[in-house]
Structure formats: structure tokens, C-alpha cells
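Spelled out from the first residue to the last, the chains are:
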Amino acid sequence: MSEGHREALAHLRYGLEEEGGFVLLTGEVGTGKTTVCRCLLELASDTTAIAYILQPKLSSLELLATICEEFGIAYPEKSSIKELIDLLNKFLLSIHADGKNAALIIDEAQNLSVDTLEQIRLLTNLETNQKKLLQIILLGQPELGVKLQKPELRQLAQRVSARCHLGPLSEKDSAEYVLHRLAVAKMPQDSFSAASLKALYRYTAGIPRLINTVCDRSLLAAYSKGVRRVDKSLLTVAAQEVLGGKVAALPMIPRWLIAVVTVAVCAVLLLLIRTISPQEPDGPLANALPEVGAPEVKLEKVIEYASVKEPEMKPLAKAVWPTGKALLKSEEAAFAALLRLWGFEPPMAGQWPCQFAEEKGLRCIAKQSDLENLLTLNRPAVLHMKNEQGKAFFAALTGVQGDVATLEINGQAMQADFSELSKHWAGGSVILWQPPPGYRGSVRGGQTGQVVAWLSGQLAKIEGTGYIDTASSKVYGSEHIRAIKNLQRRNNLVPDGIAGKETLIVVNSLSGAEVPFLKK
């Protein structure tokens, strides 16, 4: 994922986790809005019910009916708007009572009429005394932002709590994207020449959908000509076929001209500095000019790091929060540390870690939580942090001893006490867990199958062999619900008797599963 796509995904995850208001994601055609949204759906937890609308060219009545269908709400034919809203409100209250959230995601939202957008705004009035019952995420082309500036939609615009615009890829990201797609397809990394990749960026302006199409046509042309590498001329012909007619490329500036201009600008700046402050090298102007190559802030020197896997770990250095380019590397490094604790080498560059983990039999849970909840689940986690300047980065929480947390940041092990950690952690976290055999979601009353049999065996280990009657172990009945409620009360979970993800994680821990723990 590019930096822009990471930021877009973070905004959408914020939209699922926050209460009330709208989250807006805009972007040009083909920049990857829908792809980012589908990534969000993969990360969503079982505690969030989601209605995902792909075709929003609907009237207010049709849209409400579609929302009900997405949430699985039955409604009579020829229902009125009021009847549909009443049914939706009843559903939202019921899942709120179960400790769950609900979100409405509308793609291609620029196609919504003003009347339909106003009806959507009214859905945010469905609430309890404590919170809004429905979080709404709108995805659309830039025209959506323009439409929301209309006077008749000013109430909706005022309720937008987060906005993000997804732009095209940079030239560097464009080339890395192509190399990633080649790696996934197990093709040689030199299938495109360096000159062809530069031309590709100029022809497509960094739009991923156009990059896909032009590259696909280029590879087909290379195959038909019997060559193994796409050069600039071959890619240009393919781009003409895809984009139609002659393709317009950004003008290339000669390197000699760039060098001349650079030298001239440096000379002028040096002359200005000497003219303004000839006798004061430490004057105001000098202070305003940052030292070339200097870090953004001065950090405490780290004396010694130790690997988190060493049997006898040396005292770790106090945590130092990253700045600059290290911020961008921190997410990949944090997930790599988390996967290694589970015994897996990290995925290839660009592969989404949660998708990789699922291929290995694990699942991700992304959620807003606090330290108490993480200690209850007792699993290592990736934490979404902020440094002293408020810039986002990621850290792997690999262990806890007393009130001191062990973190791994960009491959280095560090320590921070809970108070220091809380200053820089906003609550966003991702943990890995191993679902039981036959798992398809939360286990509820009356359910049968392999997962219920597994759960019966684990509860027998925890509570004693006579606690669960083997005759009724194939059906998740009253004995299971009673045992699960008792277990939930003892472990600071909502005692609803439903064996959801967090409850199953605690069951795994208490029954002696061989998994990585935060606290041994």
C-alpha cells in the first residue's frame, strides 16, 4: 500500500471505530477507493454489522430498503419510509444491547441525489442517550465534495468528522506497484525496463487502474512479439491503444539544465544569507534554516538494543519514538515482528499482513481498545502510535512485565512504562488469534457443529471434566452459556454468554494453548 492508501484505510477504520458523524473518502476514478474499502471489510470485526451499498442511484425509499436487506432486516412489501426507519432503529437498538456497532458504507456516493443525501443525514439521528447508533462512510469521486458544499446540504457537511482525498501514485510508488504485481505473479522483476516504467508514469499519471490496463496490454504485446522485456517503445504503443490516439507525456527536463538551475539557486541563496546577516551566523535567519540531513527533532541516544527473542534479554533502552522516513517503515516492521512471534516469516513486500496471516490459519482483530483489554486477551499486538510531533507510526507490543511494556519499533526492542505508552497510543490495535476448527463466527445458543464440540472440550479442561455434560456437548445450550458467562465475568468481558472472538481467545489461553502471550 502506498502512503496515500494507508492514510485512506486509517480514515475508514476510524469511521468504523468512532461514534456518529460521517467519514468522507474521495478520489479520482481508478485510484483505488473501492479496493481500500474491501480491505477495510476484511479487517472489520464480528462486533460490527456493516451494510455496504455499491449502487446508490436509488430513491430515498429504495435506499432504505437496500440498507435493511444488507443488515438482514425483514420488511413487508410496499413499506413506507417511516416503517423502514422504525425497523432499522429497532435493529440498531438490538445490536447495541449486544455490545455491537453498525456502519453504513456507500460507494460511488457522488451519484446520490440531494434528497437521498438528506435522508441519509437523518439516519444519524437514530441514537440512544449515550451514542449514535449508525456510523456512515461515504466514498466517491471529487464531485461528492463539491455537492456537499451546496447550501441545502450544509447540515450534512457540518457532521463530517473526517475527510480524506486519495490521490494518484507517485512515480516511485507507481514503479513499486508494478514490481509488486510482478512478484505476486512470480514474473521476473526486469519484465519492464526502467525507461518503460518512467514512461508508464507519465502516460497514466499514477492512476492504478490505468497502470494495470497499460501494463497488461504491454505484456500481451511482448508475448506476441516473442520478447521477454517491455521497453519504452512497446509500452508507448500499448498506451496509445489503451488511452486512444497519441499519448501525451509530461515534458522531460534535460539533466544538464536541472544541474545549472540547482547551482544558480544555491548561489543566490548563499548571497542572500550573507547580505542579510553578514556578521551574525547564529541570527534569526540561520535559526530558520534547518541543517541539511538533520533529524526533525533531537532524540535521546539509545545505548543498547536487544532482540526480543534472546533467551536472556539484556536491559532494554527506553523507547525512542521514530521520526522522518522511519515512520513509513514502522507498520511493515511491526507486523513482521508480530508474525515472527507466531512462528512465521513476514510476507513479501506489499502483501497485506492480515491476508497473509489468514493463509496461515490465523485471523486479525483490528479494534479500538485499552491496555486492560489487551492484557485480558494476553496476545501480542500492533499498536497505532503517535510521536512527539503527532505523526503516526506503528509499534509491536511484544511483552509486559509489571507495569512496563516491551515494544519492537523498526526492528529494535525497547521498553516504556504504561504511563509513557498511554501518552503515545491512541487505542488502535491489531492482534492475531487462532480460530477453533469449524469457526464461522460467534457461537450462540442452539448452534451445533465442530466448533461447539471443540468449545465443550476446552471448557471441560478449564472447569473440570464434569462441568459440561457430554450428552449435550454437541449443542451450544444452557450449560455452555452458563459456563461462558462465568468465564466472561472472571476475565472482564461482557457476560452475554456468546462465544465471540475475544471470549474464544481467553478460552484458548486458559486451556493451555501453545500460542504467544504478552504475559507468561
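Criteria and cut-off values
- Residues numbered from 1 in each chain as written.
- Predicted model: local features only at pLDDT ≥ 70, side-chain atom pairs only at ≥ 80, totals over all residues.
- Heavy atoms only, no water.
- Helix = DSSP H or I, 4+ residues; strand = E, 2+ residues; numbered from the N terminus.
- Buried < 20%, exposed > 50% of the residue type's maximum accessible area, 1.4 Å probe, protein only.
- Contact = heavy atoms within 4.5 Å.
- Areas by Shrake-Rupley, 256 points an atom, 1.4 Å probe, with all protein chains shown as cover.
- Pairing = 2+ DSSP bridges.
- Axes fitted to C-alpha atoms, helices over the stretch in contact; angles between N-to-C directions.
- Phe/Tyr/Trp six-rings, centres within 6.5 Å; stacked < 30°, edge-to-face > 60°.
- Salt bridge = Lys/Arg side-chain N within 4 Å of Asp/Glu carboxyl O.
- Parallel < 35°, antiparallel > 145°, perpendicular 65-115°, else oblique.
- Left-handed = near helix turned anticlockwise from the far one by under 90°.
- pLDDT = per-residue confidence, 0-100.
- Polar contact = N/O pair within 3.5 Å; in protein donor to acceptor, adjacent residues only side chain to side chain.

## A word on the overall build of the protein
Argument step 1. For the protein, the helix and strand inventory stands at 20 helices and 11 strands.
Argument step 2. By residue count, 45% of the 520 residues in the protein fall in the buried class.
Argument step 3. For the protein, long-range pairs separated by at least 24 residues make up 67% of all intrachain contacts whose partners lie at least 6 apart in sequence.
Argument step 4. Put simply, the protein shows about 27,600 Å² of open surface, and 54% of that area lies on carbon and sulfur atoms.

## Considering the sheet that holds strand S7 (residues 381-386)
Argument step 1. Strand order in the open sheet formed by 6 strands is S6-S11-S7-S8-S9-S10, with antiparallel pairing between adjacent strands. A single partner strand is all that each edge strand has here, and the edge strands are strand S6 (363-368) and strand S10 (412-417). Neighbouring strand axes in the sheet, compared pairwise and without regard to direction, differ in orientation by 30° on average.
Argument step 2. With 5 bridges connecting them, strand S8 (residues 392-401) and strand S9 (residues 404-409) associate as antiparallel partners.

## Observations regarding the packing of aromatic side chains
Argument step 1. Tallying each qualifying case throughout the model produces 3 aromatic pairs.
Argument step 2. Each ring, one from Trp 321 and one from Phe 393, has its centre 5.9 Å from the other, and the planes form 35°; the classification is tilted. Residue Trp 321 is found in the loop between helix H13 (284-288) and helix H14 (326-341), and its partner Phe 393 is found in strand S8; the two are separated by 72 residues along the sequence. Comparing Trp 321 with Phe 393 shows no difference in burial state: the two are buried.
Argument step 3. Ring geometry for Trp 433 and Tyr 439: centres 5.2 Å apart, planes at 85°, overall edge-to-face. Each member of the pair, Trp 433 together with Tyr 439, is buried.

## Some details on the environment of Lys 318
Argument step 1. Topologically, Lys 318 is positioned in the loop between H13 and H14.
Argument step 2. Distance in space between the C-alpha atoms of Lys 318 and Asp 417 is 9.0 Å, their sequence separation being 99 residues.

## Some words on the pattern of salt bridges
Should the charged atoms of two oppositely charged side chains come close, the side chains can pair.
Argument step 1. Tallied over the entire structure, the rule returns 11 salt bridges.
Argument step 2. The partner of Arg 217 in a salt bridge is Glu 241, with the nearest N and O atoms 3.2 Å apart. With Arg 217 in helix H10 (residues 208-225) and Glu 241 in helix H11 (residues 232-243), this residue pair connects regions lying 24 residues apart in the sequence.
Argument step 3. Here Glu 358 ties to Arg 363 by a salt bridge, and the two come within 3.9 Å at their closest N and O atoms.
Argument step 4. Overall, Glu 358 belongs to the partly exposed group, its relative accessible area being 47%.

## As for the sheet that holds strand S3 (residues 101-106)
Argument step 1. Read from one edge of the open sheet, 5 strands run S2-S3-S4-S1-S5, paired in parallel fashion. Strands with a single pairing partner mark the edges of an open sheet, and in this sheet they are strand S2 (48-53) and strand S5 (160-166). In this sheet, neighbouring strand axes are inclined to one another by 15° on average, regardless of whether the strands run parallel or antiparallel.
Argument step 2. Of the strand pairs in this sheet, S2 and S3 are connected by 6 bridges, and their pairing is parallel. Note that in S3 the partner of Ile 53 across the bridge is Ile 106.

## Notes on the environment of Lys 150
Argument step 1. Tracing the backbone shows Lys 150 in the loop between helix H6 (143-147) and helix H7 (154-158).
Argument step 2. Note: C-alpha distance between Lys 150 and Val 114 (36 residues apart in sequence) is 9.0 Å.

## Structural notes on the pairing of strand S1 (residues 22-27)
Argument step 1. In terms of burial, S1 is largely enclosed, as 6 of its 6 residues are buried.
Argument step 2. Residues Phe 22, Leu 24 and Thr 26 line one face of S1 and the alternating positions Val 23, Leu 25 and Gly 27 line the opposite face, and both faces are buried.

## A closer look at the packing of helix H8 (residues 171-184) against helix H9 (residues 194-204)
Between two packed helices, what matters for the description is the angle formed by their axes and the separation of those axes.
Argument step 1. Two numbers describe how H8 lies on H9: the axes approach to 10 Å, and their chain directions differ by 120°. Judged by the inter-axis angle, H8 sits oblique to H9. Classified by chirality, the crossing of H9 by H8 is right-handed. Here H8 contributes Glu 171, Ser 174, Ala 175 and Val 178 to the contact with H9, which in turn contributes Leu 197, Lys 198, Leu 200 and Tyr 201.

## Focus on unusual backbone geometry
Argument step 1. Here Glu 108, not a glycine, exhibits a phi torsion of approximately 50°, which is positive.
Argument step 2. In this fold, Glu 108 is placed in the loop between S3 and helix H5 (114-123).
Argument step 3. Relative accessible area serves as the criterion here: at 26%, Glu 108 is assigned to the partly exposed category.
Argument step 4. At Asn 410, a position not held by glycine, the phi torsion is positive, near 55°.
Argument step 5. Among the structural elements, Asn 410 can be located in the loop between S9 and S10.
Argument step 6. Residue class for Asn 410 comes out partly exposed when judged on its relative accessible area of 27%.

## As for the confidence of the model for the protein
Argument step 1. Across the protein, the average pLDDT comes to 80, with 83% of residues at or above 70.
Argument step 2. Within the model, pLDDT remains below 50 along residues 249-256, and this stretch shows 5 contacts once partners closer than five positions in the same chain are excluded.

## Some thoughts on the side chain of Ser 456
Argument step 1. Position of Ser 456 relative to the elements: it lies in helix H18 (residues 450-463).
Argument step 2. For Ser 456, a relative accessible area of 5% corresponds to the buried category.
Argument step 3. Polar side-chain contacts of Ser 456 include one of 2.8 Å to the side chain of His 480.

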